[in-house]
Amino acid sequence: MCTLQKDFYFQYTECDSTGSRWRVAIPLDPGSCSDLPPPTRGTDCSFSCQAGMFLEMSTQQCTPCAAGSYSLGSGLRFDQWDAIPVGFTNLASFLDLGPNGEDVQSCNSSSWTPQGMYLESNRDECTVSLVYVVHLEKQGSVSFTYQYPDNNILFEFYVQNEQCQEMAQADDQKWIRVTSNGDWETHTVSLKSGTNILYWRTTGILVGGKMVKPVLLRNIQIEGVAYTSECFPCRPGWFSSMPGSSSCQPCPSNTYSVKGSSSCTPCPEHLYSLEGWAECKVRPPCSESDYFQIHTACDGEGKTQVLYRWVEPKICVENITGAAELPATGQREPCPPCNPGYYNSNDSTCSPCPPGTHSDGTYACAKCPAGTEPVLGYEYKWWNVLPANMKTSCLNVGNSKCDDMNGWEVAGDHIRSGAGSSDNNYLILSLHVPGFKVPASLSGMTGGEFGRISFVFETLCSADCELYFMMDVNTKSTTVVESWEGSKERQLFSHSMTRNASVTYTWAFQRTNHALDVRRYVGDVAKIYSVSVTNVVDGVASACRACALVPQNSHRAGSSCVPCPAGFYIDRNTNRCQECPPNTHLAGRHTYGEDACIACGPGSVSNKEHSRCFSDCSFTLTENNRTLTFDLSPMSDIVSLTVGPSFTSKGTKYLHLFNVSLCGHEGRRAAVCTDNVTDVSTKEDRGDMAQFVNSVDSFICQSTIIPTDGRGFRMVISSQSVSLADTFMGATVEAVLGGVSAEPGLFPDNSRNVPDINFFYRSTQVTASCDQGRSSVIIVRCNPEKSERGEISVPSSCPAGTCDGCTFHFLWESASACPRCTPDDYHRIEGACKGGIQETLFMWNEPKLCIKGVSLPPPSSSPCEVIALWLKMGLGGGAFVAVLLVSLTFYFWKKNKRLEYKYCRLVMSANKECELPAADSCGLTEGEEPDDDVVYAQKPSLLGKLRAIANKVH
């Protein structure tokens, strides 16, 4: 027998084709009841109660929820995360293959983790899905509140039907938009009637080895369920005091409640609680972490002093043994001077200088002299009061409330992070800039910089603190520009604004990203010493800058400033606009004087606006009295290089994609890298945010690519796009330029007799790891075996293209990197004389190391004789030598005969005085003339000489 309501319960049958259903009774113990109430016609399938009411099944009437509970009527809400609610499932879908090919689940420990007030995603590389199945009888929706501060996690939400087919969704519904640190945003997606399988999916990208910040979820609400048959009790620490409530409220501080409470109970005097706590805790003794110091505003006498205040809400006890006391108020000291651009008014407050005037903060505002204009901007280096255009706040992550606390406190010569209510709070400091305006004196510069923010900061931490610097352009979306983890020494950071738009700069400091309800690391602090922003629309002036004047031949001639055309500087002597010399560019922070026009580096030219230097794809080199000319225009097209694959510690496959623009394009940075999912905005937002979030244009840029086979994604993921080369430094055969080294030893030696051309680039944007910015070198090498477009590669010892993370190296081998051919690159070959015709050919020197340029002369032919010229010359030379030999023989023979005759005469003369052998003959041959010369064998006497002369006369 089942006569009591407690023995059974009512339930509706499935709806039929007419939309009707029946209410039936089901026993709690199957088989124990025989006289259950008969089935009765139920309410219409689309029937539902209003919020705050539930459907009482025995009467099938809507009944208000009792105090201490709530109902959404036709909806479901999940806002208690002490455990994973019933119906939710965690799926870790990424599997590694073991060494033998077996499946090894490396993500068993990865899941969404409940943290009380919110649900926290995984922080590793695993792909974890939070799944919930809901059946809707009518069209409805799902909405959830989330924090998504780190784009190194991919966060997507999608819906499948009961056949596991993904429902059609726009990208901005599927890929969740990144939030600012500490901000909660709500995402809503429409649902169709029937079964809906909801997926919240996260995947970490730990390519850089940096710990990612998790996604946080809270307040998941689903609308469209048919009815609610019961009310939900309020969770501990919350209450609802009135029947028929659609939500519960958190208990105030120093009160608590249990589950299903209609009111909160005050804590005993020696205990305390924070808002929404389910229990009270013992108040600890006060310590130095429970108070902080502030500087009072300047009083009428120009004095300030240090005050100490308890952190609110005060939870500590100060009147017990060992408790710290609040320090006494400090001595009254003179106020620091006003910030530049401000002056000290009579009431000891700092006021901005009127337009057209300037001051360094220590003297009254003065007008700018004729021919000058005020240098407008913000420059804050004294922190007695928070500037009017700066705000500070505290954002809680979920376990604490700090909305009414200051996130930062002024401290004289710096501003420092405040205490907060817990260590995982985000302490926010923001500066709003309404817009930028390039002054007339800088109008000649068109390098794309409208303004620049610079600040000096320091962090002192004992835990995993992190300081974020962010920017929000046109209130569209906040993006992280740079972040610093742990303690950092005092340093300067600067960031360029490349678009004229309204922007809010934000600093967010978090002592730890772990969920803590106590202030354990309150001594960890971030300090900002100075902040300056240039070219601000409504800024103040600390100095004046010379500007260009109206030309004298103009009817408006006078002392008023006029903007110079692009690429013009201001002449120091005449204060008139003059165009920069050829191949120079305006790269500094001023345009006054010709020295503002900086010469382009070797092998580079300037564009028409003199805003940038670039390579026009031509290069000339003179060595060994020979001039080599290179035409690199076939290499001007954008080339992509994919390096990898690489694998993270859990096996995620990723690639490095480099896009390179070597030369040409009139100096335009034509290489573009795009993130496709890291920040999905609405369609109207994308045009404004493209250059800030989704894409990077540069000479060389890099993206991290996760292919579809790397993690099971349904699309290729592109993220972490960065610029490696904003500025072209020059092209040279030297290995070092501007402090950047080409490091040729990273690549194979150049075995050809053509020197490498090194293209040097630099990215001026500094990062936390590269305090001088990134730099890149492309070694362009002649290789006739490659195509004209060639091939680009990275060092084998540095597969990511860099060995230190700051300097990137590339080798580009191409036939186009060989010099243009000249007549020195070929030689002449003359053929044999055949049939009276001689052919002349021209051949390239081997190996051929040139391209294009001059062509080989065509083969030529000329008439010739059978006897070769060399043979003719040889015969002629031989005949001449023969005649010469005969002549010489005759000459010496005749000479010999004369000597023989003289000898005979000498012998005959000697025989008259002494006995000598008689000569055989002294006769002359026919035609020989006798020689009358007297030859003496010995020195003759005077009588002998006279006798000889007498004989000669006769």
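Predicted model, so just to flag it, every value in this text is computed and none were measured. (Residues numbered from 1 in each chain as written. Predicted model: local features only at pLDDT ≥ 70, side-chain atom pairs only at ≥ 80, totals over all residues. Heavy atoms only, no water.)

(A) Broad picture of the overall build of the protein. Along its length, the protein carries 5 helices and 73 strands. Across the 954 residues in the protein, those meeting the buried criterion constitute 46%. (Helix = DSSP H or I, 4+ residues; strand = E, 2+ residues; numbered from the N terminus. Buried < 20%, exposed > 50% of the residue type's maximum accessible area, 1.4 Å probe, protein only.)

(B) How the structure looks around the pattern of salt bridges. Evaluated as defined, the whole model comprises 11 salt bridges. Ionic pairing is found between R789 and D637, a salt bridge with its closest N-O pair at 3.8 Å. Taken together, the residues span a long stretch of sequence, with R789 in the loop between β66 (775–782) and β67 (791–793) and D637 in the loop between β55 (626–631) and β56 (639–647) at a distance of 152 residues. On the basis of relative accessibility, which here comes to 34%, the residue R789 falls in the partly exposed class. Its salt-bridge partner being E791, residue K786 comes within 3.2 Å of it at the nearest N-O pair. (Salt bridge = Lys/Arg side-chain N within 4 Å of Asp/Glu carboxyl O.)

(C) Spotlight on a positive patch on the surface. A cluster of like positive charges, contributed by K894, K895, R898 and K902, occupies part of the molecular surface. Structurally, K894 can be placed in helix α4 (residues 869–911). Look at K894 and you get partly exposed, because its relative accessible area is 47%. (Patch = residues over 30% accessible without salt bridge, like charges linked within 9 Å, V, L, I, M, F, W, Y side chains within 5 Å. Areas by Shrake-Rupley, 256 points an atom, 1.4 Å probe, with all protein chains shown as cover. Lys, Arg positive; Asp, Glu negative; His and termini not counted. Charge placed at Lys NZ, Arg CZ, Asp CG, Glu CD.)

(D) Quick peek at the nonpolar core. With 39 residues, the main nonpolar core has W408, L431, V433, Y505 and W507 as its most contacted residues. Those residues in contact with L431 that sit more than four places away from it in its chain are Y378, Y380, N389, M390, V503, T504, Y505, W507, V531 and V533. (Core = buried A, V, L, I, M, F, W, Y, C linked by side-chain atoms within 4.5 Å. Contact = heavy atoms within 4.5 Å.)

(E) Here's a closer look at the state of the cysteines. Across all of its chains, the model carries 19 disulfides by this definition. Put simply, C286 and C316 are joined by a disulfide, and their sulfur atoms are 2.0 Å apart. Torsion about the S-S bond of the C286 and C316 cystine: about 85°, corresponding to right-handed handedness. Separated by 30 residues along the polypeptide, C286 in the loop between β25 (281–282) and β26 (291–295) and C316 in the loop between β28 (306–310) and β29 (333–334) bring together distant segments of the chain. For the pair formed by C286 and C316, the shared burial category is buried. (Disulfide = S-S within 2.5 Å.)

(F) Layout of a nonpolar patch on the surface. Taken together, the side chains of F880, V881, L884, L885, L888, Y891 and F892 define a hydrophobic patch exposed on the protein surface, amounting to about 720 Å² of accessible area. Assignment of secondary structure puts Y891 in helix α4.

(G) Spotlight on the environment of S141. Along the chain, S141 turns up in strand β14 (residues 140–147). Sequence separation between S141 and S193 is 52 residues; the distance between their C-alpha atoms is 9.8 Å.

(H) Here's a closer look at the packing of aromatic side chains. Evaluated as defined, the whole model comprises 39 aromatic pairs. On the basis of an interplanar angle of 35° and a centroid distance of 5.8 Å, the ring pair of F728 and F759 is categorised as tilted. Of this pair, F728 sits in strand β62 (residues 727–732) while F759 sits in strand β65 (residues 757–762), and the two are 31 residues apart along the sequence. Of the two residues, F728 and F759, both sit in the buried class. (Phe/Tyr/Trp six-rings, centres within 6.5 Å; stacked < 30°, edge-to-face > 60°.)

(I) Representation of the environment of S121 within the structure. Locating S121 in the fold gives a position in the loop between β12 (119–120) and β13 (127–136). Judged by relative accessible area, which is 2%, S121 ranks as buried. The spatial distance from the C-alpha of S121 to the C-alpha of I153 is 9.7 Å, given a sequence separation of 32 residues. Not counting chain neighbours up to four residues away, the residues in contact with S121 comprise S111, W112, I153, T202, P214 and V215.

(J) Summary view of the confidence of the model for the protein. When pLDDT is averaged across the protein, the result is 80; 84% of the residues are at 70 or more. No element of the protein has a lower mean pLDDT than helix α2 (residues 683–694), at 41, and none a higher one than strand β23 (residues 265–266), at 96. Long-range and interchain partners of residues 678–693, a stretch whose pLDDT sits below 50, account for 39 contacts in this model, where long-range means more than four residues apart. In this model residues 931–937 is a low-confidence stretch, pLDDT under 50, and it forms 13 contacts with partners more than four residues away in sequence or in other chains. (pLDDT = per-residue confidence, 0-100.)

(K) Fine view of the sheet that holds strand β17 (residues 194–204). Pairing is antiparallel across the open sheet formed by 4 strands, whose spatial order is β8-β13-β17-β15. Edge positions in the open sheet fall to β8 (88–92) and β15 (153–160), since each of these has one partner strand only. The sheet shows a mean angle of 20° between the axes of neighbouring strands, taken without regard to direction. Note: β13 against β17, 10 bridges, orientation antiparallel. Following the sheet pairing, S129 is matched in β17 by R201. (Pairing = 2+ DSSP bridges. Axes fitted to C-alpha atoms, helices over the stretch in contact; angles between N-to-C directions.)

(L) Region of interest: unusual backbone geometry. The peptide bond linking E846 to P847 adopts the cis configuration, its omega dihedral lying at -5°. Its place among the elements puts P847 in the loop between β71 (837–844) and β72 (851–853). Of note, Q60 is a non-glycine position whose phi angle comes to about 55°, a positive value. As for its position among the elements, Q60 is in the loop between β4 (53–56) and β5 (61–64). The exposure class of Q60 is buried, given its relative accessible area of 14%.

(M) Focus on the sheet that holds strand β70 (residues 826–834). Read from one edge to the other, the open sheet built from 3 strands follows the order β70-β71-β73, with strand pairing classed as antiparallel. Each having just a single partner strand, β70 and β73 (860–863) make up the two edges of the open sheet. With strand direction ignored, the average angle separating the axes of adjacent strands in the sheet is 25°. The sheet contact formed by β70 and β71 spans 7 bridges and is antiparallel.

(N) Region of interest: the side chain of N659. Along the chain, the position of N659 falls in strand β57 (residues 653–660). Look at N659 and you get buried, because its relative accessible area is 9%. In this structure the side chain of N659 is engaged in a polar contact, spanning 2.6 Å, whose partner is the side chain of S640. The contacts of N659, once residues within four sequence positions are left out, are I638, V639, S640, A671, V672, C673, F699, I700 and C701. (Polar contact = N/O pair within 3.5 Å; in protein donor to acceptor, adjacent residues only side chain to side chain.)

(O) Spatial organisation of the environment of S721. Inspection of the secondary structure assignment puts S721 in strand β61 (residues 717–725). Apart from the residues lying within four places of it in its own chain, the contact partners of S721 are C673, T674, D675, V696, Q702 and S703. A polar atom in the side chain of S721 sits 2.7 Å from the side chain of S703.

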